[in-house]
Amino acid sequence: MRICCFAFLCFGEKEEDSVATCNLCYFYCRNKEGSYMRESLLGNAIEDMDDNDSELGFWANFHNGGGSGSGLGLRVDGERADEEETNEMFDLDGESSKKSEDFLLWLNDVKTRGAADGASGSQELKVDVNLNLGLGGEPSSSTAMVATGRDSSDRDSQNKRPKVHSFSLDWGTQFENEFHYLRPHHDKFDDGDLPDSTIGGDDATNNIDANKMDNMEVRMDLTDDLLHMVFSFLEHIDLCRAARVCRQWRDASSHEDFWRYLNFENCYISVQQFEDMCHRYPNATAVNIYGTPAIHPLVMKAISSLRNLEVLTLGKGQLGETFFQALTDCHMLKSLTINDATLGNGIQETPIYHDRLRDLQIVKCRVVRISIRCPQLETLSLKRSSMPHAVLNCPLLRELDIASCHKLSDAAIRSAVTSCPLLESLDMSNCSCVSDETLQGIAQHCVHLRILDASYCPNISLESVRLNMLTVLKLHSCEGITSASMVAIASSSLLEVLELDNCSLLTSVSLDLQRLKNIRLVHCRKFIDLNLRSSVLSSITVSNCPSLQRISITSNALKKLVLQKQESLTTLALQCHSLQEVDLTECESLTNAICEVFGSGGGCPMLRSLVLDSCERLTTVSFQSTSLVSLSLGGCRAITSLELKCPYLEHVSLDGCDHLESASFSPVGLKSLNMGICPKLNVLYVEAPLMVSLELKGCGVLSKAFIYCPLLTTLDASFCSQLQDDFLSATASSCPLIESLVLMSCPSVGPDGLSSLRCLLSLTYLDLSYTFLVNLQPVFDSCLYLKVLKLQACKYLSDTSLEPLYKGNALPALCELDLSYGMLCQSAIEELLAGCRHLTHVSLNGCVNMHDLDWGFHRSGLSDVNSSHELFGGSSGENLLLHEHEPNRLLQNLNCVGCPNIKKVVIPPTARCLHLSSLNLSLSSNLKEVDISCCNLLFLNLSNCNSLEILKLDCPRLTSLFLQSCSIDEEAVETAITHCNVLETLDVRFCPKISPLSMSTLRLACPSLKRIFSSLATT
């Protein structure tokens, strides 16, 4: 017999008629004869639900899809909405106790049935799930499904609501801890014995009674505290949506903790709705009704209903006098923000009186006259408000913002500001009427002022003003600020931040302020001279000052200096012992003297990065530094000589140094260096103990080079036509670890230089393409471990030059050989391919003397062994047997692109090309016949073989075949691909004899095809 317990959690969708949770438990019992469902009613009866709750109760009859008839029983645990109904929940003393007794009787009946069926024996799989949806901790222990006295154990720790029992999964670690699979057993099983889920094996079949049914119970502890924590992360709109789920969620989402801040910004809400919200949440402390249709009646309701209101935000409308009168009754108010509103009746003065208000923001408002008397006010903003006069009586005010109050007169500003003796921050930017007289009054009465923003005040000059108490001074676009103003600024000994952007008449700045940390000078068109002395100066921003010529900076804290696009800058003096980064990009007037500033004797001993890009007047650059790590000279086209003695230099950029003729890097910490971008380089000296890669590609006039790099592994000297054998010999001696050497188009390298390569015991890659070599014996004797040899376009090599490879066993480790565009004859190529079976990659591109590629055993020229055997009368059968005993070729990749005279390619199984995977014969215009039998060939390219007529393929692993622009007919292609069982890609574009409409025929011939490229369509 099998007993399975299922539970479902059901929710209603209607807010008013929702049930908190609904626990449905099904007991499904199966025996040998059939199956049936037994009803067990545990918990409150369904009849206890009132009419509203019954609308949201969710239960129905389920039907088994096949087999014998079945019945379904379910349990509904509904939470009551009313408090008295909640107190009656889970009371098992009444009808539910009787239900429990019925359930025990049913268990006994199951036991009797199981005893009758026990002889047949059946495998059983038991699952026990005990999951707790509580917050972390250990899983809650199971409680009895049928037990008396569940009144206290079925409630959470706060005794707020009954616990909900449901088949809900906690996907945390508790799932793994509480989910047990008991192994099946074949012992006689008594239906009356239910297994203990925590014990496996034979011990699982223990007697249980009603008190042990907790092992089969599934619980879900969804407490109010858990919901409260989850809902605390939701916005108001999400809380409203959550309230529609069920009654419990509705109650949880309406908790006053979530509605302390009533935010109706830019929302349409009627006065009645707002009043209801205020009555529902009388303890709300913050209200935002900015942008609502009628702010005045709404704010009056808020003031009268919410006695704990602390923060009020409103705007976009008309606020009458009654609002400001009622404001005094809002005793707890601490912050008031009015934005974009019209205040008062437009005739009389608008008073704002409040004893506890601390923050007042009146932004972009229209008012005739305003009077503010708030003894506790600390922050006040009248920014962008239109008012001709303002009276302030705020003795504790510390921050005042009157920016862009264009109608305020100079006298009004002076009167308002000087009435605040404790003022610390003042923003009066864009107040065009402010004069030096007002600043003098501020200096006398506001002795605690630390921050002053007087930007865009054209009438101030500071010539007769002393603001000794300031730490921050901003004077953007002040036309009256000149070099004479610096005297007043220099007296501000506490000044830390100074901003002088767009001061068009300012010509020079000379300041000795020991506390100055930050200075900005941007777009000062007439600015010429900058002299700064400050031990704590850490940031300097100087940009777009086209007339700036001289800079002198002394600072122990400055770490980064950016002076980009200072076209007139000629003199730079720095005494900055902590300076690490300097960027002088496009300072076109800098001369060679800049090298002394950043050298060892300069004032920047900690400099690590220097950027001198596009400094076009630099001609001779010489740096000697023990700290420099990165140097960029990109675009310095006038440099002809470069000398670097920087042992820790790791990066150097010389892009665009087209006229560099002499370069010395001794010593440097470079790991790689590219000098190929310096086509006029003539002399090179490199001493880099850590360098591993050096590129000289394209240094066509380089004639003298000394390279001392003991760790160098890669050297590319392509197209260095002036380098001779002495350079190669010296380099091989000083760089013994070279693994890759490229000498392409180095015609001056001869046998003596190649013989010196015997010092390079690690050399595996050698490129001698486009050289005038005649004899390769020095290479065979010196490069014993060579793996890759490139001899492209070495047209002076004779047919016997490569005989040591296939007759003398030279270069035994050679894997890749490139003889493209050479002049070797047909027989030399055949003998090479026949004798060098260890080669894996061979390139014969553009070999005009190669006529056929026929590896059939009947050809006498392929093997000396085969020829000698036939010479002594060996039969053809013996000859075939001889081929079977020959070693396999290791060839994997063969390229014969653009061989104009090749006509036939035959690779039979006797060629033993078991490893050949790629064959490229494209652009061989005279190729007519291809017959290939290679068991591992994957890629075959015959594109642009215009004369191709015969194609025979026995390549079971071929996946890609390219026949683009071939004259082969459709029947030949169909026959060829019939035996290619895994072919996926076929390219027959521009094949005149193959119709795009016959692609289906090709697919039938080779069902494995996935992609066919034709002339008119891609399928």
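Computed from a predicted structure; not experimentally measured.

Asker: Whenever I open this one, the environment of Met691 confuses me. Can you help?
Answerer: Counting through the fold element by element, Met691 comes out in the loop between strand S35 (683–687) and strand S36 (693–695). For the pair Met691 and Cys709, spaced 18 residues apart in sequence, the C-alpha to C-alpha distance is 5.9 Å. With sequence-adjacent residues up to four places away left out, Met691 is seen in contact with Leu670, Lys671, Ser672, Leu673, Val686, Cys709, Leu711 and Leu712.

Asker: For this particular structure, what's the right way to read the packing of aromatic side chains?
Answerer: Centre-to-centre distance and the angle between the planes together describe a pair of aromatic rings. Summed over the entire model, instances satisfying the criterion amount to 7 aromatic pairs. With 5.0 Å between their ring centres and 25 degrees between their planes, Tyr685 and Phe706 make a pair best called stacked. In this pair, Tyr685 is assigned in strand S35 and Phe706 in strand S37 (residues 704–708), connecting sequence segments 21 residues apart. We note Arg373 situated over the ring of Tyr353; from NZ or CZ to the ring centre the distance is 4.1 Å.

Asker: Explain the sheet that holds strand S14 (residues 389–393) here, please?
Answerer: Hydrogen bonds between backbone atoms are what pair the strands of a sheet, whose relative direction is either parallel or antiparallel. If you walk across this open sheet you meet the 3 strands as S10-S12-S14, and the pairing is parallel. Looking at strand neighbours, the two that pair on one side only are strand S10 (350–353) and S14, the edges of this open sheet. Averaged over all neighbouring strand pairs, the angle between strand axes comes to 10 degrees, with direction disregarded. Inspection of the sheet shows S10 paired to strand S12 (residues 369–373) by 4 bridges, in the parallel sense. Within the sheet, the bridge partner assigned to Tyr353 lies in S12 and is Arg373.

Asker: Where do I start with the environment of Leu948 in this structure?
Answerer: Residue placement: Leu948 occurs in the loop between strand S49 (939–941) and strand S50 (950–953). It is 7.5 Å that separates the C-alpha atoms of Leu948 and Asn926, two residues lying 22 residues apart in sequence. In contact with Leu948, not counting residues within four places along its chain, are Leu927, Lys928, Glu929, Val930, Leu942, Leu963, Cys966, Ser967 and Ile968.

Asker: So what exactly am I meant to see when it comes to unusual backbone geometry here?
Answerer: Glycine aside, a negative phi is what most residues show, and trans is what most peptide bonds show. For the bond from Ser666 to Pro667, the omega torsion is -15 degrees, close enough to zero to count as cis. Mapped onto the fold, Pro667 is located in strand S33 (residues 662–668). Non-glycine residue Ser404 carries a positive phi angle of around 60 degrees. At Asn544, a residue that is not glycine, the phi angle is positive and equals roughly 55 degrees. Along the chain, Asn544 falls in the loop between strand S23 (539–543) and strand S24 (550–555). Take Asn544: its relative accessible area is 33%, and that puts it in the partly exposed class.

Asker: Whenever I open this one, helix H12 (residues 436–445) confuses me. Can you help?
Answerer: In an α-helix there are 3.6 residues to a turn, and that puts residues three or four apart on one side. Looking at H12, one finds that the buried residues are Asp436, Thr438, Leu439, Gly441 and Ile442. Taken together, the buried residues of H12 touch helix H11 (410–418), strand S16 (425–427) and strand S17 (451–453).

Asker: Whenever I open this one, the packing of helix H8 (residues 271–280) against helix H9 (residues 295–305) confuses me. Can you help?
Answerer: When two helices pack together, their arrangement is given by the angle between the helix axes and by the axis-to-axis distance. Interaxial distance between H8 and H9 falls to 10 Å at its minimum, and their mutual angle equals 20 degrees. Viewed along their axes, H8 and H9 adopt a mutual orientation that is roughly parallel. Note that H8 runs across H9; the crossing there is right-handed. Within the contact between the two elements, H8 uses Val271, Phe274, Glu275, Cys278 and His279 and H9 uses Pro297, Leu298, Lys301, Ala302 and Ser305.

Asker: What am I meant to see in the pairing of S37 here?
Answerer: Regular strands have side chains that alternate between both faces of the sheet. Only one face of S37 is covered, namely the face carrying Ala705 and Ile707; the face carrying Lys704, Phe706 and Tyr708 is uncovered. Inspection of the sheet shows S35 paired to S37 by 5 bridges, in the parallel sense. Opposite Leu684, over in S37, you have Ala705 as the bridge partner.

Asker: Mind showing me how you'd approach the pattern of salt bridges here?
Answerer: Evaluation of the coordinates by the stated rule reveals 21 salt bridges. Here Glu816 and Lys790 are joined by a salt bridge, their closest N and O atoms 3.5 Å apart. Placement of the pair is Glu816 in strand S42 (residues 816–818) and Lys790 in strand S41 (residues 788–790), with a sequence separation of 26 residues. Residue Glu816 is classed as partly exposed on the basis of its relative accessible area of 26%. Assessed through its relative accessible area of 15%, Lys790 is described here as buried.

Asker: Is there a simple way to think about the environment of Ser270 in this case?
Answerer: Position of Ser270 among the secondary structure elements: in the loop between strand S6 (261–263) and H8. Take Ser270: its relative accessible area is 25%, and that puts it in the partly exposed class. Note: C-alpha distance between Ser270 and Thr292 (22 residues apart in sequence) is 8.9 Å.

Asker: It is not clear to me how a negative patch on the surface should be interpreted in this structure. Could you clarify?
Answerer: On the surface, a cluster of negative charge is made up of Glu567, Glu586, Glu588 and Glu616. For Glu567, the location among the structural elements is in the loop between strand S25 (560–562) and strand S26 (571–576).

Asker: Got a minute to help me understand the sheet that holds strand S48 (residues 929–932) in this structure?
Answerer: Here 4 strands make up an open sheet; going across it, the order is S44-S46-S48-S50 and the pairing parallel. Only two strands of the sheet have a single partner each, and these edge strands are strand S44 (852–854) and S50. Mean inter-strand twist for the sheet, computed between neighbouring axes without regard to direction, equals 10 degrees.

Asker: Teacher, can you tell me more about a positive patch on the surface here?
Answerer: Together, Lys316, Lys364, Lys383 and Arg384 make up a positively charged patch on the protein surface. With respect to the element layout, Arg384 can be found in the loop between strand S13 (379–381) and S14. The class of Arg384 is partly exposed, set by a relative accessible area of 47%.

Asker: How do you make sense of the side chain of Thr840 when you look at a structure like this?
Answerer: Within the element layout of this structure, Thr840 appears in the loop between helix H19 (826–835) and strand S43 (841–843). Overall, the relative accessible area of 13% leaves Thr840 in the buried class. Here His841 takes part through its side chain, which lies 3.0 Å from a polar atom of the side chain of Thr840.

Asker: Please clarify how the pairing of strand S9 (residues 335–343) should be interpreted in this entry.
Answerer: Bridging between strand S8 (residues 311–319) and S9 involves 8 bridges; their strand directions are parallel. In the strand pairing of S9, Leu319 is matched with Leu343. Once you follow S8 into helix H10 (residues 321–326) and on to S9, the crossover reads as right-handed. Both S9 and strand S11 (residues 359–363) contribute to a ladder of 5 bridges, which runs parallel. Note that in S11 the partner of Ser335 across the bridge is Asp359.

What counts and how
- Residues numbered from 1 in each chain as written.
- Predicted model: local features only at pLDDT ≥ 70, side-chain atom pairs only at ≥ 80, totals over all residues.
- Heavy atoms only, no water.
- Helix = DSSP H or I, 4+ residues; strand = E, 2+ residues; numbered from the N terminus.
- Contact = heavy atoms within 4.5 Å.
- Phe/Tyr/Trp six-rings, centres within 6.5 Å; stacked < 30°, edge-to-face > 60°.
- Lys NZ or Arg CZ within 6 Å of the ring centre and 35° of its normal.
- Pairing = 2+ DSSP bridges.
- Axes fitted to C-alpha atoms, helices over the stretch in contact; angles between N-to-C directions.
- Buried < 20%, exposed > 50% of the residue type's maximum accessible area, 1.4 Å probe, protein only.
- Parallel < 35°, antiparallel > 145°, perpendicular 65-115°, else oblique.
- Left-handed = near helix turned anticlockwise from the far one by under 90°.
- Salt bridge = Lys/Arg side-chain N within 4 Å of Asp/Glu carboxyl O.
- Patch = residues over 30% accessible without salt bridge, like charges linked within 9 Å, V, L, I, M, F, W, Y side chains within 5 Å.
- Areas by Shrake-Rupley, 256 points an atom, 1.4 Å probe, with all protein chains shown as cover.
- Lys, Arg positive; Asp, Glu negative; His and termini not counted.
- Charge placed at Lys NZ, Arg CZ, Asp CG, Glu CD.
- Polar contact = N/O pair within 3.5 Å; in protein donor to acceptor, adjacent residues only side chain to side chain.
- Right-handed = clockwise from strand over helix to strand, strands pointing away.

Function-wise, these values are silent; they only describe arrangement.
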